[in-house]
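Structural characterization, general
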Amino acid sequence: MNRSLQIRAGLTLVILLLSLYGLLPTFKALSISPAEREAARDNPERMAEIAEIDAQAIRRGLDLKGGMYLVLEVDQTGMNASESEDALLRVKEILYNRIDKFGVSEPEITTFGSSRIVVKLPGLQDPERAKNLLGQTAKLEFRMVRPATEIEAALLKMDEAFKSDAVATADEPEADEAIDEPEAASAEVPAEEDALAEAGDDSATAENPFGELDDLTDLQPTNDEYLKDHPFTGLLAIQQGLMQSTPLFVLEQNVDRVQQMLDDPRTPRKLRDVEFQLDMEGMNVGQGQTLRPLYLVSTRTVLTGDQLTDAIANSDPDRPGSWEVDFTLSSRGARQFAKVTGENVGRFLAISLDGRISSAPVIQGKIPSGQGSISGTFTHAEASDLALLLRAGALPADVFIAEERTVGPSLGSDSIRMGVSAALYGSVMVILFMLFYYRASGIVTVLALVSNIIILMAVLAQFDLVLTLPGIAGIILTVGMAVDANVLINERIREELRKDKTIRASVQSGYQNATRTIVDANVTTLIAGGILLWFGTGPIKGFAVTLSIGILTSMFTALVMTRVIMEMMTRRQGKQKMSI
Amino acid sequence: MEFFKNPKINFVGGMKSAFIVSVILVGLSVVSLVIHGGPRMSIDFTGGSVLQVKVDPVPEVADIRSTLEGKGYAGVQVTEFGSADEFLITFADPESTTETLDAAQLLLNDLREGLSGSQIELRREESVGPKIGSELRTAAINSVVAALALIVLYITVRFVFRYGIAAILALVHDVTLTLGVFSLLNFEISLSIIAAFLTIIGYSLNDTIVVFDRIRENMKLRRKESYRQVINRSINECLSRTMLTSLTTFFVAATLYVLGGPVIHDFAFALCFGVLIGTYSSMFIASPVLVWWYERRIADKKRAAMEM
């Protein structure tokens, strides 16, 4: 055996053995049955062992083990470059805290580009809950509710701001609906005349919405007309005495339109230092009617969620079966809270979460303890999630879910089963075909194919790459392509043999000629694979990874490994026959 | 064993008929694409949501559709998916980024409410906002174009420019026909189908280059033969390898189609079709284009010589 052949043979052997060794944990992980995993739950030592093995085995993608892939877009409007970057990193950190507390194993959170965050949550049971947890800004704010005397002026300003839109909005079908409904609501809770008088004393002009409250609730025919002049007030139902903190309500079907107007950039310009905020939830007033309270509050916050040191879900003592979130303020927050509550006894304090008010209790006296609660009709899960969100902190910017891909665990294991069986049957078919077509040389080809898969899988395991369903497809395709290299070589050798060359010479020149073709042909596929890698997101990337690695490993097995075997087999000078 | 012992098929002679067949097929593809208003894009590119649900007891597709329409979801597509008890619900809501994504969850809740007697398991959900959708569309187009450009470059470096053009013509042919088949069968073009396209491009090229390589070699060895003869000989010499490789690759793609499960069904279908069409195009499009180009150039030179 000459020196070069020795070196190549040694190299091949080492690579193959290293690959097999690298795949050991994967084999081990596969050999642990689900029942065994279940049993290990009670045994922390065994659990740690299994986790260790899993960590070294080939990682399965979310599509194979089930899980959620989310792309979150961070709203960076109005931020400069450094603020944007800062916001992105802080969002990532806070999301990490939230997920960490949510109890998902091995979450992955990475920033993507300048405004996006990619979140991968394997083995997730409740995607809806996870989305709520990640997508919420969780901005907790305390503001003073403005006195009722200021409401009228604010309403007038709103109507003024949106008057030009009124014609257009009145034509919308929702507008008709809105007009139909107030009657029922007002029948249930009649407006209180004297309260109106108190609010609207000074200016009972035709423009005064309060003066026309009766019209609003009773007069069907003029409603179109009214809505035209009062595009905002026309959507409201004004009811005194229903709640102490506010007389304003919105019918549930109008909530979206009202919110739209509140979000309009004209609103803050017009209202300046006050703003309207909707309640988180509506009040059922019977007859299938739900009214959503609307509050007039200061834009200035007296306290925000930053000052929170702890938040915990507790059952609501006032409402059995309902949960609330009790929070504790930092000492600075507590001092501030004590000061504000001390100065505003008898007024209402609105507690809002992401711009919606959860409650607006009356301040009965100075609160020095720095403790409070957020109540609403929360379930236990909702209250614990809210507590979690408040503990992890508010996001410095709003986020939107821009892309989501969720695979249930059952589909994941189905996919593995199908993918593996496709790979198995495909390979077996190719192997049989090669043996049938090339006889003894076919065995060499088969060796190359099998080694190719082993090396490819070892590379995946070693470099911590993720195996996905498209990735399995890539492996299957690689098998098809690996055959090609061997076919090219074998066909060349046959050709050379036909020219009556010796076996040794045929093998040598067969490989020499085929090598150039194989490299040229594979580089082009590698170009396609490389582009897929570069452009690919989620599903494509896994495919590109296995395809590209597969091309490289198949070139190695075909050009180096089989050549070593063939050269060793045909080493003897006198050998007359070759089975190919 | 051998499929072909010293084959002498006149590929170049059959070039005209192959051209006609290809032109007709490409024409049909284009017509189908025009009639359908371009390829049918999946939610990956348009934005929207796909839900794969398993329902027990199994309802009719029409039941699910009417339940959803009753809840105000107009334009929802419902199809059986893979097995009889699984359904794919697709809907595009290009309104806004956030609402689309909440919409999928709302739809599931509404469906659970509407089919209250049934157990509904969410097997898979994919939602893409319109912004990401249009970005993915741009990226997909860029990637196909970039792949084609780089490949021409590579072939130009390794061979000569006209080989590159011939190879690209064959590739454009392959991609157009695959798009056409998808359009005719009303299949959707999704991210994974783009991956399949790029694989087809790589594969078809692989085939073409093997033949080109042989042409290059034979041009040096057989200077006495005409260009046509050299090319015909080269295709014939590669025939055994071409058929063998195509067959094995088709085998594995077909296994993937049959056994790989519904999620990669369309992807595997594209691969199967691409292997067939790629084999055809490397024999009947790429190499004959070389002949056509060469002979035109000769004719031009002759004409130029005569005019002088």
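Residues numbered from 1 in each chain as written. Chains lettered and ligands numbered in written order. Predicted model: local features only at pLDDT ≥ 70, side-chain atom pairs only at ≥ 80, totals over all residues.

Description of the overall build of chain A
The condition is simple: Numbering of helices and strands starts at the N terminus; helices are DSSP runs of H or I of at least 4 residues and strands are runs of E of at least 2. Put simply, a residue is buried when 20 or more other C-beta atoms lie within 10 Å of its own C-beta and exposed when 12 or fewer do; between those, it is partly exposed, and each C-beta is set from the backbone.
In terms of regular secondary structure, chain A is built from 21 helices and 18 strands. Across the 580 residues in chain A, those meeting the buried criterion constitute 44%.

Here's the deal with the overall build of chain B
Rules: C-alpha atoms define the radius of gyration in this analysis, and the globule rule sets the expected value at 2.2 Å times the number of residues to the power 0.38.
From N to C terminus, chain B includes nine helices and four strands. Ordered by position from N to C terminus, the α and β elements of chain B give α-α-β-α-β-β-α-β-α-α-α-α-α. Relative to the globule expectation of 19 Å for 308 residues, the C-alpha radius of gyration of chain B, 24 Å, shows a markedly less compact shape. Burial analysis of chain B (308 residues in total) assigns 47% to the buried set.

Section: the environment of Gly22 of chain A
Residue and element names in this part refer to chain A. Under the convention used in this document: The contact criterion used here is simple: two residues whose C-beta atoms, placed from the backbone, lie within 7 Å are in contact.
Mapped onto the secondary structure, Gly22 falls in helix H1 (residues 3-31). Between the C-alpha atoms of Gly22 and Leu353, which are 331 residues apart in sequence, the distance is 51 Å. If near-sequence neighbours (up to four positions away) are discounted, Gly22 is found in contact with Ala458, Ala461 and Gln462.

Digging into the sheet that holds strand E12 (residues 308-315) of chain A
All names here are of chain A. Applicable threshold: When DSSP finds at least two bridges between two strands, those strands are taken to pair. Angles here are taken between N-to-C directions and fall from 0 to 180 degrees, while the axes themselves are lines fitted to C-alpha atoms, restricted in helices to the stretch in contact.
Here we have three strands laid out as an open sheet, ordered E12-E13-E16, and antiparallel in their pairing. Only two strands of the sheet have a single neighbouring strand rather than two, namely E12 and strand E16 (371-378). Averaged over all adjacent pairs, the angle separating strand axes in this sheet is 20°, with direction ignored. Examined bridge by bridge, strand E13 (residues 323-329) and E16 share six bridges and lie antiparallel to one another. When the sheet's bridge partners are listed, Val325 is paired in E16 with Ile374. Running over the sheet, helix H17 (residues 380-392) touches E12, E13 and E16 and is turned about 175° from E12.

Here we look at the sheet that holds strand E3 (residues 83-91) of chain B
Here eight strands make up an open sheet; going across it, the order is E3(A)-E4(A)-E2(A)-E17(A)-E4(B)-E1(B)-E3(B)-E2(B) and the pairing antiparallel. Looking along the sheet, the strands with just one partner apiece sit at the ends: strand E3 (108-112) of chain A together with strand E2 (77-81) of chain B. Pairs of neighbouring strands in the sheet enclose a mean axial angle of 25°, with direction left out of account. Sheet topology note: the strand E1 (residues 48-56) of chain B/strand E4 (residues 119-128) of chain B ladder contains nine bridges and is antiparallel. Bridge pairing in E4 of chain B places Gln52 of chain B opposite Arg124 of chain B.

Quick look at unusual backbone geometry
Both trends apply: most residues other than glycine have a negative phi, and most peptide bonds are in trans. The step from Asp56 of chain B to Pro57 of chain B runs through a cis peptide bond, and the omega angle for that step is -5°. Among the structural elements, Pro57 of chain B can be located in the loop between E1 and helix H3 (61-70). Even without a glycine there, the phi angle at Asp464 of chain A is positive, about 60°. Residue position: Asp464 of chain A is located in the loop between helix H18 (409-462) and strand E18 (466-467). Residue classification places Asp464 of chain A among the exposed residues on the basis of 10 C-beta atoms within 10 Å. One non-glycine residue with positive phi stands out, namely Asp500 of chain A, at about 65°.

Remarks on the nonpolar core
Which entries qualify depends on this criterion: Joined through C-beta atoms within 7 Å, a set of buried Ala, Val, Leu, Ile, Met, Phe, Trp, Tyr and Cys residues constitutes a nonpolar core.
Core analysis: the biggest nonpolar cluster contains 232 residues, and Leu72, Leu390 and Ile476 of chain A together with Ala167 and Leu271 of chain B have the highest contact counts within it. Ignoring any residue separated from it by four or fewer positions in sequence, one finds Leu390 of chain A in contact with Ala138, Leu140, Gly305, Leu308, Ala311, Val325 and Phe327 of chain A.

Description of the packing of H18 of chain A against helix H8 (residues 227-259) of chain B
Basically, it comes down to this: Any angle between 65 and 115 degrees counts as roughly perpendicular, while under 35 counts as roughly parallel, over 145 as roughly antiparallel, and the rest as oblique. Each helix crossing is assigned a hand: it is left-handed if the near helix lies turned anticlockwise from the far helix by less than a right angle, otherwise right-handed if that turn is clockwise. All amino acids are sorted into three groups, where Ala, Val, Leu, Ile, Met, Phe, Trp, Tyr, Cys and Pro are nonpolar, Asp, Glu, Lys and Arg are charged, and the leftover types, Gly among them, are polar.
H8 of chain B packs onto H18 of chain A with a crossing angle of 155° between their chain directions and a minimal axis gap of 9 Å. Accordingly, the angle class assigned to the pair H18 of chain A and H8 of chain B is roughly antiparallel. Here H18 of chain A and H8 of chain B pass one another in a crossing that is right-handed. Within the contact between the two elements, H18 of chain A uses Met418, Ser421, Ala422, Tyr425, Gly426, Met429, Val430 and Phe433 of chain A and H8 of chain B uses Thr248, Phe251, Val252, Thr255, Leu256 and Leu259 of chain B. Along the lines of polarity and charge, the residues of the contact of H18 of chain A with H8 of chain B split into ten nonpolar, four polar and no charged.

Structural notes on the interface of chain B and chain A
Taken together, the contact between chain B and chain A spans 54 residues of the former and 58 residues of the latter. Among the secondary structure elements, those contributing two or more residues to the side of chain B that touches chain A are helix H4 (97-114), E4, helix H5 (130-158), helix H7 (191-221) and H8 of chain B.

What about the pairing of strand E17 (residues 399-407) of chain A?
All names here are of chain A. Burial runs high along E17: eight of the nine residues are buried. By the bridge criterion, eight bridges tie strand E2 (residues 67-74) to E17 in an arrangement that is antiparallel. In the strand pairing of E17, Val74 is matched with Val399.

Brief notes about the confidence of the model for chain A
Close inspection of predicted coordinates is inappropriate for parts of the model with low pLDDT. All names here are of chain A. We count it as follows: Within a predicted model, pLDDT stands for the predictor's per-residue confidence, ranging from 0 to 100.
Averaged over all residues, the pLDDT of chain A equals 83, while 88% of them reach at least 70. By mean pLDDT, the top-scoring element of chain A is strand E8 (residues 274-278) (93), and the lowest-scoring one is helix H11 (residues 193-200) (38). Here residues 169-222 is a poorly scored stretch, pLDDT under 50, and it has 72 contacts once near neighbours within four places are set aside; other chains count.

Focus on the packing of helix H6 (residues 127-135) of chain A against H17 of chain A
Residues and elements named next belong to chain A. As a packed pair, H6 and H17 sit with axes 10 Å apart at the nearest point and diverge in direction by 35°. Along this stretch, H6 crosses H17, giving a crossing that reads as right-handed. Contacts from Arg129, Asn132 and Leu133 of H6 reach H17 at Ala381, Asp385 and Leu389.

Side note on helix H16 (residues 331-343) of chain A
Note on helix geometry: an α-helix contains 3.6 residues per turn, so any two residues three or four positions apart are oriented the same way. What counts here: By this rule the span expected of a helix is its residue count minus one, scaled by 1.5 Å.
Here H16 of chain A contains 13 residues, and its C-alpha end-to-end distance of 18 Å stays within 8% of the 18 Å for a straight helix at 1.5 Å per residue. Lining the buried residues of H16 of chain A we find strand E11 (303-304) and E13 of chain A.

What about the pairing of strand E7 (residues 248-251) of chain A?
Residue and element names in this part refer to chain A. Where burial is concerned, the two faces of E7 agree: the one with Leu248 and Val250 and the one with Phe249 and Leu251 are both buried. Looking at chain direction, E7 and strand E10 (residues 289-298) are connected through four bridges and run antiparallel. Bridging from a neighbouring strand, Leu251 pairs with Leu291 of E10.

Overview of the confidence of the model for chain B
Residue and element names in this part refer to chain B. Taken over all residues, the pLDDT of chain B has a mean of 86, while the share at 70 or more is 96%. Taken element by element, the predicted model of chain B shows its lowest mean pLDDT in H4 (73) and its highest in helix H1 (residues 15-35) (92). Confidence drops under pLDDT 50 across residues 96-100; counting only partners more than four residues distant or on other chains, this segment forms 16 contacts. If you check the scores for this complex, the pTM reads 0.78 and the ipTM reads 0.84.

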